Every structure is written in C-alpha cells, then in structure tokens.
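Notes for the structure review
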Amino acid sequence: MVRLTMSQVSIAYRRVLLKLSGEALMGDADFGIDPQGINRIAQQIHEIVRLGVQLGLVIGGGNIFRGIALTAQGIDRVSADQMGMLATVINGLAMQDALQKEGIETYVMSAIGISGLCENYTRRSAISHLEKGRVVIFVAGTGNPFFTTDTAASLRAIEIGADLMIKATKVDGVYTADPYTNPTAQRFTRLSYNQIIQQNLGVMDTTAIVLCRDNNMPLRVLNMDKAGVLIRAITGVDEGTLIHSDGEGQ
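All figures in this text were calculated on a predicted structure; none of them were measured in a lab. (Residues numbered from 1 in each chain as written. Predicted model: local features only at pLDDT ≥ 70, side-chain atom pairs only at ≥ 80, totals over all residues. Heavy atoms only, no water.)

Quick word on the overall build of the chain
Worth spelling out the cut-off: Runs of E in the DSSP output that reach at least two residues are strands. Runs of H or I that reach at least four are helices, and both are numbered from the N terminus. Residue burial is assigned from relative accessible area. The probe radius is 1.4 Å, only protein chains are included, and a residue is buried under 20% of its type maximum, exposed over 50%, and partly exposed in between. Contacts are residue-level and defined by heavy atoms, with any inter-residue pair within 4.5 Å sufficient. For every accessible area listed, the method is Shrake-Rupley and the probe measures 1.4 Å; residues are considered covered only by the protein chains on display.
Each helix and strand in the chain was counted, giving eight helices and eleven strands. Taking the principal axes of the C-alpha coordinates as reference, the chain spans close to 45 × 45 × 35 Å. Residue burial in the chain is summarised as follows: out of 250 residues, 49% are buried. The contacts of the chain with a sequence gap of at least 6 include a subset with a gap of at least 24, amounting to 72%. With an accessible surface of roughly 11,600 Å², the chain has 49% of that area assigned to carbon and sulfur atoms.

Structural data, given as structure tokens:
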C-alpha cells in the first residue's frame, strides 16, 4: 500500500460525510459482518484520515435487518424501522472496532439513547470530535421511523457542515440503467439533483435528494471496492459521478 503525506497530497475537501450500505460490511458473505471486508474499508478510511480529512460516517443496516421487508410480511412499520435502527448500531460498533485497530480514535453517536454503548448525538459534540481529528459514526438513522439511512446521511452531512457527501456503492457511479443487467448502460460523470428526481435514477430516496439539493450539498457516488478510491475523491479526482444543485449533467 502506498502511503502519502500531507505535503504530497492537496485535499479538495476537508470535512466529508461517507455513506456506506450495510451490505458493504458483508464482504463476500451473504449476511452479517465479514471481518476482512470491514478491515479493508477501515484501511481506506485510515488513508484519508491520516491526511487530515475530518470524517463522519453513516452505515445502513441491510446486512443484518431490513425493516421494509418485514413490514411487507405484516410487522408494524414503526417497530420494523426501530429494529432497523438497532441494526445500524451493531454495524457502527463493528466499524468503530475496526477503525480503532487502525489507530483511529472513533466515536459512535446515536440518534436514540443507548446508554453505555454510544454517545447521544448532538451537533456541537459531533463537530468538536471532528475538529479533534476523530472519526464520528452516526447510528440509529434520524431516530425516527419512515426515514432511511440515506436521509440520515444527508441530514448529518448538512448539520456538520460537510464539504462533500460520498455515497459508496458497488458501482462506479450513476448509470442510465443497471450496468449489471444492461451492458449498454452509460455512466454519468455529472448530474444535477433535479435530473436525479426527474429521471427517477434511484440514487437515494427523494427526501435525501431534496435535502442535498436545497442545501447545496455536493454528492459523489463511487465504487468503494476500487483501491484508493477515497483518496482520489478527496483530492478532487473526477471519480464516479458528481451530483450537484446547479447546472445540467452529462
């Protein structure tokens, strides 16, 4: 692994919110948390934190529990969403462990009170941690049912004053169609939030998209499985797809 110093790298974004799906923690497994997979993610995060990036992190819970799937089977939506929030807490604690093994001071902050496991989320405390070089993992979504972790990520990015929100997926950007099933699908390099909504491209849920659009929060969608992708993104390399509030995409 090539290690770069601050003198060798010009950082384009000082404070970043990284959104990971729960599935990113599964590695090659079909369910749960793969230690090797989560360690690979922690190593990539370490590379950008050591360069001075202030990093907030939101992780979904789909590798453990999907509330929407249980709702379809008759479970009350509010209860199902609350269970989904707890799944994100499990993922957050696992990521904290992996990051601390990399030597990164990490705090887990929860939108719901979980005494003894996490700090309660407050904006001021989160920013204080970030300014001290600590990674902050935001768990339990927004603390409310009916909101996805994508919406939670958009909200936290705005609250902490992030310069960029990154959504890490297994696809290197936003395409005109699913590239796994449609070999003719073309990747966008730039898109506006209005285009995302009008073309129903399914990057994130509409609430998350509108939050980013109305608060001028740039979003970059990239493939987390590519080596060095986070470093390239925070140095301003045109990685994946950049989504912004103004102008037309291409």
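Back to the text.
With respect to the environment of Asn120
Within the fold, Asn120 resides in strand E4 (residues 119-120). Relative accessible area serves as the criterion here: at 48%, Asn120 is assigned to the partly exposed category. The sequence separation of Asn120 and Met109 amounts to eleven residues, and the corresponding C-alpha distance is 5.5 Å. Apart from residues no more than four positions distant in its own chain, Asn120 is found in contact with Met109, Ser110, Ile112, Gly113 and Ile114.

Some remarks on the environment of Gly60
Along the chain, the position of Gly60 falls in the loop between strand E2 (54-59) and helix H2 (67-72). Residues Gly60 and Ile234, 174 residues apart in the sequence, show an inter-C-alpha distance of 22 Å. Setting aside chain neighbours within four positions, we find Gly60 in contact with Lys19, Leu20, Ser21, Gly22, Thr88, Asn91 and Thr149.

What to know about the sheet that holds strand E6 (residues 164-169)
Put simply, the rule is: Two strands qualify as a pair provided that DSSP identifies no fewer than 2 bridges between them. Angles run from 0 to 180 degrees between N-to-C directions of axes, and those axes are lines fitted to C-alpha atoms, restricted for helices to the stretch in contact.
Strand order in the open sheet formed by nine strands is E4-E3-E5-E2-E1-E6-E10-E11-E9, and the pairing between neighbours is mixed. Looking at strand neighbours, the two that pair on one side only are E4 and strand E9 (190-192), the edges of this open sheet. The sheet strands contacting helix H1 (residues 35-49) are strand E1 (15-20), E2 and strand E5 (135-139), and the helix crosses E2 at an angle near 155°. Packing of helix H5 (residues 149-159) onto the sheet brings it into contact with E1, E2, E5 and E6, and relative to E1 it is tilted by some 175°.

Concerning the pattern of salt bridges
Keep this limit in mind: Counted as salt bridges are all cases of a side-chain nitrogen of Lys or Arg within 4 Å of a carboxyl oxygen of Asp or Glu.
All chains considered together, the criterion is met by twelve salt bridges. Among the ionic pairs, Lys19 bridges to Asp150, the shortest N-O distance being 3.3 Å. With Lys19 in strand E1 and Asp150 in helix H5, this pair connects stretches of sequence that are 131 residues apart. Between Arg77 and Asp81 there is a salt bridge, with its nearest N and O atoms 2.8 Å apart. With Arg77 and Asp81 both in helix H3 (residues 77-101), this residue pair falls four residues apart, about one helical turn. For Arg77, a relative accessible area of 28% translates into the label partly exposed. Residue classification places Asp81 among the buried positions, given a relative accessible area of 13%. Among the charged side chains, a network of salt bridges with common partners joins Lys19, Asp150 and Lys167.

Digging into the packing of H1 against H3
Put simply, the test is: For classification purposes, angles smaller than 35 degrees are called roughly parallel, those larger than 145 roughly antiparallel, those between 65 and 115 roughly perpendicular, and all remaining angles oblique. Should the near helix be turned anticlockwise from the far one by less than a right angle, the crossing is left-handed, and should it be turned clockwise, the crossing is right-handed.
The interhelical angle for the contact between H1 and H3, taken along N-to-C directions, is 60°, at an axis separation of 9 Å. Comparing the axis directions of H1 and H3 gives the class oblique. For the pair H1 and H3, the crossing hand works out as right-handed. Contacts between H1 and H3 involve Ile38, Asn39, Ile41, Ala42 and Ile45 from the first element and Ala94, Met95, Ala98 and Leu99 from the second.

What about the nonpolar core?
Cut-off, in case you're wondering: Here the nonpolar core consists of buried residues drawn from Ala, Val, Leu, Ile, Met, Phe, Trp, Tyr and Cys, with membership extended through side-chain atoms lying within 4.5 Å.
Of all hydrophobic cores here, the largest spans 42 residues; its most connected members are Leu18, Leu20, Ile45, Met95 and Ile137. Of all the secondary structure elements, the ones that give two or more residues to this core are E1, H1, E2, H3, E5, E6 and helix H8 (229-234). For this core, the element with the highest residue contribution is H1, accounting for six residues. When sequence neighbours within four positions are dropped, the list of residues in contact with Leu20 reads Ile41, Leu57, Val58, Ile59, Gly60, Met95, Ala168 and Met224. In terms of nonpolar packing, the next biggest core, distinct from the first, is built from 29 residues, Leu17, Leu201, Met204 and Val221 among them.

Here's the deal with the packing of H5 against helix H7 (residues 206-214)
Where H5 contacts H7, the two axes come as close as 8 Å, and the packing angle between them is 15°. The orientation of H5 relative to H7 falls into the category roughly parallel. For the pair H5 and H7, the crossing hand works out as left-handed. Only Thr207, Ala208, Leu211 and Cys212 of H7 make contact with H5, whose side of the interface consists of Asp150, Thr151, Ser154, Leu155 and Ile158.

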